[in-house]
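Each chain, written out:
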Amino acid sequence: MAHLRRVNLDKLIRHALFVQNRRLERIAVTNLQRYVFGQQTSCAPLYQSFHTSQCRFQEAAQTEDAKTYEFQAETRMLLDIVAKSLYSEKEVFIRELISNASDAIEKARYLALQGHALDSTEATMKIHITTDKYDKTLTIQDSGIGMTKEELIENLGTIARSGSKAFIQQMQEGGSGDPQNIIGQFGVGFYSAFMVADKVEVYTKSRLPGSVGYHWSSDGCGKYTIEEAADVEPGTKIICHLKISNREFANDQTVKDVIKRYSSFVGSPIEVNGEQTNNIQPLWLMDPKEVSPDQHDEFYRYVSSSFDKPRFTLHYRTDAPIDLRCVLYVPEGKPGLFDLNREGQSSVALYCRRVLIMNKAENVVPKWLRFMKGVVDSEDIPLNLSRELLQDSALIRKLRTVIQNRTLRFLYDKSRKDAESYQKFFSDYGIFIKEGILSSQEQVEREEIAKLVLYDSSVTSDGGKTTLPEYVGRMAADQKDIYYLAAPSRELAETSPYFESLKKRNVEVLFCYEPYDEVVLMQLREFNGKSILSVEKEMRQDKESVDFDGAESGLRRSEANELMDWMKTVLAGRCWGVKATSRLETHPCVVTVEEMGAARHFVRTQFTQIPEETRYSLLQPQLEINASHPIIMKLSNLRENNPRLGELLTKQLFNNAMVMAGLVEDPRTALSSINELLQLALEKH
């Protein structure tokens, strides 16, 4: 299998050499990435016209000069791709070289702990960086494990050859475990230096006993030299001779800014011109019980670039089903206008073993949790070669699910154990939770998020809140559905004609005051096996007939039938039916439609684009009257004694009911005939 993969790589490289335009060059990069990840790449369709070499690919070819080595042509092509195409930001070369230096130090520490005999000269494990504006150089020196001549050829003369990865494999095969602080995995980070440098020099000396120093040098154009060097300290020193266009990297402040952005939490101390730059502890790697609130406050201000304090802090670690270290914060302040924008960026940074991979990790947390700030660190994440573009793989989706589930559990515990603080949080950030219900594709996930939503309820006092789990816990044994009522305020909800019957039967109703609340519950549909219904739909589905004969007062059946037929004629084109209901006591009538919530949403969003005569045919409203109400009884008399006044009163009752139902875009349209109605009503006075 290894031989077949090496042959495949040979084909990929030959193809990369053949390709000249940028579009196909990017294809070559993609195929190289697939190879490094160990994925199967079918080469036959792309490369069947090429003659395939039967020899194993040789990364470096020695020339007549024993100290000069030449990259093969294919490797030069790939080196050009790495230097020009693989990284989106030039500054990341500092991150890559620091990561390599950190790896070298960790290797030395690990081997020392394993009892290997090492040269302890200059054993202070630090990363030293010096800048020289006049010579336009940037030097990065570590006191790590260093390299032998063979390792120089193997590690620096070979593209996609990772010394860190080979070291880990060697330790695992030897049964010594996996040193957890090794960062490098793909072996191309060193070559990022050629993005900014026209020459790179490496001085290195292995810490193995009896080692000598070496000097490696290359301009990145095809050749490199290796020669013995005297007075080389154990470890590795890399000198980047910067191009004129990249001379800003010889400025110490520029380097410090890059380190702060990418490498603040690297395990080894980093000094720039003698001043240590990485002083902040990676709190997410510490035991949560050992981190003080003051440390969290300071760390929150660092990762969020803000000056407030965290409202809630979620600090946890887990090894199953995925390796994960997290510190997530809910800000104390309210979300800003840009935070509410769904296109806004995530505020969670993704690290891998202390090295920043992505400052705003879009794929790691769900969109609806974008208000949270903090750090996620995982050793299991799949990265591409540049550590910048995250693959949305099954593992990343698992990571996102783990973070979401843990956050849901954390917030739900807060709602039960610290109700006052949670209520303030929900007042500020509840809109994000409702967005989570709307954006979720799975019913189980929607119901888990719905546990966090707070509602006013008919059984709680003004200002009191309840949740869906609490509502279900209070339901009577014979109650099958969860009921809600959408209204602008609690006062209007409690006086709503749709609430009268349920209130009389002591059935709890949730009150929704925001227009989108109803859309959220429509999307949720059910909770804990109970359907979620609007009170209007419950009334619409009522099949109970009116007992005209048993009523103490009101219209007789024949009078009611005649009145309803007449009202339907008066409201022709606007009302699709008139019926009597026993659900009303203090109100003369109501309007019902099949899906009231969807109808209201339709009115708010689409009515202006539809002619008025078409609107009612789409809504098909039904008027339900209270045959015992004084207004309805007077209307029955007006039908014969004053038809014009009766018609105006019928239309006004219908308009009032439409406004009460929230099905009128502009309530002013309901006042068009009210003056004539008042004039006729006052003629005898």
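Below or above, wherever it landed, is the structure these notes cover.

### Digging into the overall build of the chain
The helix and strand inventory of the chain stands at 24 helices and 23 strands. Considering only contacts in the chain between residues 6 or more positions apart, those separated by 24 or more positions represent 72%. When the accessible surface of the chain is split by element, carbon and sulfur atoms take 47% of a total near 33,200 Å².

### A look at the nonpolar core
Judged by nonpolar contacts, the single largest core of 107 residues is most densely connected at I403, L623 and I625. Considering every element that reaches this core, the biggest residue donor is helix α23 (residues 643-661), with eight residues. Apart from residues no more than four positions distant in its own chain, L623 is found in contact with M567, L571, C575, G577, V578, K579, C589, V590, V591, F654 and A657.

### Focus on unusual backbone geometry
Note on backbone geometry: most residues besides glycine have negative phi, and most peptide bonds are trans. A positive phi angle is found at R525, which is not glycine, with a value near 70°. The topology assignment puts R525 in the loop between α17 (515-524) and β19 (526-527). Backbone geometry places Q620, a non-glycine residue, at a positive phi of 50°. Here Q620 shows up in the loop between α21 (612-619) and β23 (622-625).

### Overview of the packing of aromatic side chains
Taken as a whole and assessed by the stated rule, the structure comprises 25 aromatic pairs. Taking the centre distance of 5.2 Å and the plane angle of 90° together, the rings of F93 and F249 count as edge-to-face. On the criterion of sequence distance, the pair formed by F93 in helix α5 (residues 92-113) and F249 in the loop between β8 (235-242) and α8 (252-262) is long-range, its members being 156 residues apart. Comparing F93 with F249 shows no difference in burial state: the two are buried. Where F371 meets F425, the ring centres are 6.1 Å apart and the plane angle is 50°; that geometry is what we call tilted.

### Description of the pairing of β8
Most of β8 sits out of view: six of its eight residues are buried. One ladder, built from six bridges, connects strand β4 (residues 137-142) with β8; its direction is antiparallel. Looking at the pairing, T137 lines up with H241 of β8. Note that strand β5 (residues 197-205) and β8 share eight bridges and pair antiparallel. The partner of A197 across the bridge, within β8, is L242.

### What about α17?
Listing the buried residues of α17 in full gives D517, E518, V520, L521 and L524. Taken around the axis of α17, the buried residues stretch over an arc of 155°, which confines them to a single face. Phi for R525, located one or two positions after α17, is positive at around 70°.

### Here's the deal with the environment of A598
Positionally, A598 belongs in helix α20 (residues 596-606). Sequence-wise, A598 and L619 are 21 residues apart; in three dimensions their C-alpha atoms are separated by 9.8 Å.

### Some details on the environment of R505
Assignment of secondary structure puts R505 in the loop between α16 (500-504) and β18 (509-512). The class for R505 is partly exposed, based on a relative accessible area of 42%. Ignoring anything within four residues of it in the chain, the contact list for R505 reads E538 and R583.

### Comments concerning the packing of α17 against α20
Packing of α17 against α20 leaves a shortest axis separation of 10 Å and a crossing angle of 135°. The angle between the axes of α17 and α20 places the two elements in the oblique class. Of the two possible hands of crossing, α17 and α20 adopt the one that is left-handed. Judged by residue contacts, P515, E518, V519 and M522 of α17 engage M596, G597, A598, R600, H601 and R604 from α20.

### Quick look at the pattern of salt bridges
Across all of its chains, the model carries 28 salt bridges by this definition. Of the charged contacts in the structure, one is a salt bridge between K465 and D456, with a shortest N-O distance of 2.9 Å. One salt bridge connects R600 with E518, and the closest N-O pair in it is separated by 2.6 Å. A residue pair is termed long-range when its members are at least 10 positions apart, and R600 in helix α20 and E518 in helix α17 qualify at 82 residues. Neither residue differs from the other here; R600 and E518 are each classed as buried.

### Some thoughts on the sheet that holds strand β12 (residues 324-331)
Sheet architecture is open: five strands sit in the order β11-β12-β15-β13-β14, paired in mixed fashion. At either end of the open sheet lies a strand with only one pairing partner, and these are β11 (310-318) and β14 (355-358). Across this sheet, the average inter-strand angle for adjacent strands is 25°, counted without regard to direction. Where β12 lies against strand β15 (residues 373-377), five bridges are found, and the strand directions are antiparallel. Bridge pairing in β15 places V327 opposite V375. Packed on one face of the sheet, helix α11 (residues 394-417) meets β11, β12 and β15 and runs near 130° to β11.

### A closer look at the packing of helix α22 (residues 630-641) against α23
Where α22 contacts α23, the two axes come as close as 7 Å, and the packing angle between them is 145°. The handedness of the crossing between α22 and α23 is left-handed. From α22, I631, I632, L635, L638, R639, E640 and N641 reach across to α23, where they touch P643, L645, G646, L649, T650 and L653. A class-by-class count of the residues in the contact of α22 with α23 yields eight nonpolar, three polar and two charged.

### A word on the sheet that holds β23
Here we have three strands laid out as an open sheet, ordered β21-β23-β22, and mixed in their pairing. Strands with a single pairing partner mark the edges of an open sheet, and in this sheet they are β21 (578-580) and β22 (589-592). Taking the axes of each pair of neighbouring strands and ignoring which way they run, one obtains an average angle of 30° across the sheet. Along the sheet, α23 makes contact with β22 and β23, crossing β22 at roughly 60°.

### Looking at α23
With 19 residues, α23 should reach 27 Å at 1.5 Å per residue; the first-to-last C-alpha distance of 27 Å fits that figure. Residues of α23 that are buried: L645, G646, L648, L649, T650, Q652, L653, F654, N655, A657, M658 and A661. Within two residues after α23, G662 carries a phi angle of roughly 80°, on the positive side.

### Some details on the side chain of E518
Judged by relative accessible area, E518 falls into the buried class, the value being 2%. At 2.6 Å, the side chain of E518 forms a polar contact with the side chain of R600. Those residues in contact with E518, other than ones at most four positions away along the chain, are Y484, A486, M596, G597 and R600.

### Comments concerning a nonpolar patch on the surface
A grouping of L340, I431 and Y516 is seen on the molecular surface, where their side chains present a nonpolar patch of about 240 Å² in accessible area. Mapped onto the elements of the fold, L340 is located in helix α10 (residues 337-340).

Conventions and cut-offs
- Residues numbered from 1 in each chain as written.
- Predicted model: local features only at pLDDT ≥ 70, side-chain atom pairs only at ≥ 80, totals over all residues.
- Heavy atoms only, no water.
- Helix = DSSP H or I, 4+ residues; strand = E, 2+ residues; numbered from the N terminus.
- Contact = heavy atoms within 4.5 Å.
- Areas by Shrake-Rupley, 256 points an atom, 1.4 Å probe, with all protein chains shown as cover.
- Core = buried A, V, L, I, M, F, W, Y, C linked by side-chain atoms within 4.5 Å.
- Buried < 20%, exposed > 50% of the residue type's maximum accessible area, 1.4 Å probe, protein only.
- Phe/Tyr/Trp six-rings, centres within 6.5 Å; stacked < 30°, edge-to-face > 60°.
- Pairing = 2+ DSSP bridges.
- Arc of directions from axis to C-beta.
- Axes fitted to C-alpha atoms, helices over the stretch in contact; angles between N-to-C directions.
- Parallel < 35°, antiparallel > 145°, perpendicular 65-115°, else oblique.
- Left-handed = near helix turned anticlockwise from the far one by under 90°.
- Salt bridge = Lys/Arg side-chain N within 4 Å of Asp/Glu carboxyl O.
- Nonpolar A, V, L, I, M, F, W, Y, C, P; charged D, E, K, R; others polar.
- Expected span 1.5 Å × (residues − 1).
- Polar contact = N/O pair within 3.5 Å; in protein donor to acceptor, adjacent residues only side chain to side chain.
- Patch = residues over 30% accessible without salt bridge, like charges linked within 9 Å, V, L, I, M, F, W, Y side chains within 5 Å.

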